[in-house]
Amino acid sequence: VQLQAYGGGLVQPGGSLRLSCAVSGFTSSPYRMGWYRQAPGKQRELVAYIIRGGSTEYADSVKGRCTISRDNAKNTVYLQMNSLKPEDTAIYYCNTRARSYTEDYWGKGTLVTVSS
């Protein structure tokens, strides 16, 4: 299983970024796809995930500013981030799980830096 993330970069406070992650190696669309992040000196934390049927879960810190979506035909998950803040600066990791009870797979991470 491979996860390839795209879209990180440098953005000013208040700006927007769209992350995408393409998952390959599954024979069918994975049960769960999502994003975690890890800021310097902090533990990795959930940003958002989306279940195959469309249910979503967001961290309180990004609710109202981020939208997660997926394209099941392409096994790709997207994270639209708006109104970015300096505290959103982190390495963002794509995550997926084939079934609700199976192991997690992780991408290598993409750096998002919010700074003026």
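Our subject is the structure listed above.
Calculation criteria
Residue positions within a chain follow its written sequence, with the count starting from 1. Side-chain atom pairs in this predicted model are given and counted only at pLDDT of 80 or more, local residue features only at pLDDT of at least 70, and totals for whole chains, interfaces and linings cover all residues. Side-chain metrics in this entry use all non-hydrogen atoms of the structure; hydrogen atoms and water are not considered. For the purposes of this section, nonpolar cores are sets of buried Ala, Val, Leu, Ile, Met, Phe, Trp, Tyr and Cys residues that join through side-chain atoms within 4.5 Å. A simple rule labels every residue: compare its accessible area, found with a 1.4 Å probe on the protein chains alone, to the largest value its type can have, and call it buried under 20%, exposed over 50%, or partly exposed in between. Here a helix means four or more residues in a row that DSSP labels H or I, a strand means two or more in a row labelled E, and each is numbered from the N terminus. By definition, residues are in contact when any of their heavy atoms lie within 4.5 Å. We treat two strands as partners when DSSP finds at least two bridges between them. Lines fitted to C-alpha atoms define the axes, with helix axes restricted to the stretch in contact, and inter-axis angles between N-to-C directions lie between 0 and 180 degrees. The term salt bridge refers to a pairing of a side-chain nitrogen on Lys or Arg with a carboxyl oxygen on Asp or Glu at a separation within 4 Å. Disulfides are defined as cysteine sulfur pairs within 2.5 Å.

Asker: Would you mind showing me how to read the nonpolar core here?
Answerer: Within the largest apolar cluster, 29 residues are counted, with the highest numbers of intra-cluster contacts made by Trp35, Ile68, Val77, Leu79, Met81 and Tyr92. Counting only elements with at least two residues in this core, the list comes to strand S1 (2–6), strand S3 (17–24), strand S4 (32–38), strand S5 (45–51), strand S7 (66–71), strand S8 (76–81), strand S9 (90–97) and strand S11 (110–114). The dominant element in this core, judged by the number of residues it contributes, is S3, at four residues. The contacts of Tyr92, once residues within four sequence positions are left out, are Leu19, Trp35, Tyr36, Arg37, Val47, Leu79, Met81, Gly109, Thr110 and Val112.

Asker: For this particular structure, what's the right way to read the sheet that holds S8?
Answerer: Neighbouring strands of a sheet are bound in pairs by backbone hydrogen bonds; such pairs are parallel or else antiparallel. Pairing within the open sheet is antiparallel, and its four strands lie in the order S1-S3-S8-S7. Taken across any chain shown, the strands that pair with only one partner, and hence form the sheet edges, are S1 and S7. For this sheet, the mean angle separating the axes of adjacent strands, direction not counted, is 15 degrees. Where S7 lies against S8, six bridges are found, and the strand directions are antiparallel. Residue Thr67 lies in a different strand from S8, and its bridge partner there is Gln80.

Asker: Looking at this structure, I do not really get the pattern of salt bridges. What am I missing?
Answerer: Working definition: two side chains of opposite charge can pair if their charged atoms are close together. On inspection of all chains with the given rule, the structure shows five salt bridges. Measuring nitrogen to oxygen at the nearest pair gives 2.9 Å for the salt bridge that ties Asp88 to Arg37. Pair noted here: Asp88 is in the loop between S8 and S9 and Arg37 is in strand S4, with a separation of 51 residues, a long-range link. Using a relative accessible area of 6% as the deciding quantity, one classes Arg37 as buried. As a salt-bridge pair, Lys63 and Asp60 come within 3.2 Å of each other at their nearest N and O atoms. Residue classification places Lys63 among the partly exposed positions, given a relative accessible area of 49%. The class for Asp60 is exposed, based on a relative accessible area of 64%. Here the salt bridges share partners, and the residues they tie into one network are Arg37, Glu45, Arg65 and Asp88.

Asker: Help me out: how do you make sense of the state of the cysteines in this one?
Answerer: Where two cysteines share a covalent bond between their sulfur atoms, that bond is called a disulfide. Taken as a whole, this structure holds one disulfide when the rule is applied. The disulfide partner of Cys21 is Cys94, and the S-S distance across this bridge is 2.1 Å. Given an S-S torsion of about -95 degrees, the disulfide between Cys21 and Cys94 has left-handed geometry. Of this pair, Cys21 sits in strand S3 while Cys94 is found in strand S9, placing the two residues 73 residues apart along the sequence. Both residues of the pair, Cys21 and Cys94, belong to the buried class. With no disulfide of its own, Cys66 has Cys94 as its nearest cysteine by sulfur position, at a separation of 15 Å.

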